[in-house]
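Close look at the chain arrangement
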Amino acid sequence: MKKITFASVTFAVTVVNHYSFRSEVACGYGKDVIAYATERFLCRFGKFKHIFARECWKARVAERKRRTKYSFEYIVPASLMELPGNWVRLKGKVDGNGANIYSIELLKIHPVLKKESLE
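Now for a look at the structure at hand.

Parameters at a glance
- Residues numbered from 1 in each chain as written.
- Predicted model: local features only at pLDDT ≥ 70, side-chain atom pairs only at ≥ 80, totals over all residues.
- Heavy atoms only, no water.
- Pairing = 2+ DSSP bridges.
- Helix = DSSP H or I, 4+ residues; strand = E, 2+ residues; numbered from the N terminus.
- Axes fitted to C-alpha atoms, helices over the stretch in contact; angles between N-to-C directions.
- Contact = heavy atoms within 4.5 Å.

As for the sheet that holds strand E5 (residues 98-107)
The mixed open sheet is built from 5 strands, whose spatial order is E1-E2-E5-E4-E3. Strands at the two margins of the open sheet, each flanked by one partner only, are strand E1 (2-6) and strand E3 (70-77). Here the average twist between neighbouring strands, direction ignored, is 30°. Bridge analysis of strand E2 (residues 9-23) against E5 gives 8 bridges, and the strand direction is parallel. Of the residues in E5, the one forming a bridge with Val-13 is Ala-99. Sheet strands in contact with helix H1 (residues 31-44) are E1, E2, E3, strand E4 (87-94) and E5, and its direction is about 145° off that of E2.

As structure tokens, then:
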């Protein structure tokens, strides 16, 4: 878990303990190393910090009945995260406490290109 302060909003970026991991490439890293690389990348990348801070703030100020979790799915180049493969797919939710990552996948081919090759 990493705590971030962005635009006077403090929130946490966390990869949950029992996250699902799938890899299409040979990967010699353990799940803890992949979780650390993911948290580090999300904490350093400005766009994600801005999105997570905004959604976390929205969840905090919303009325009880309207509090919903913001689900997200991002596909980023694996080289930016220093992980094997070509692409990394991240899935998670943002609530009032911060961002929680539930699934990490290491991909060979971008999913859009994979769909086009099947047709």
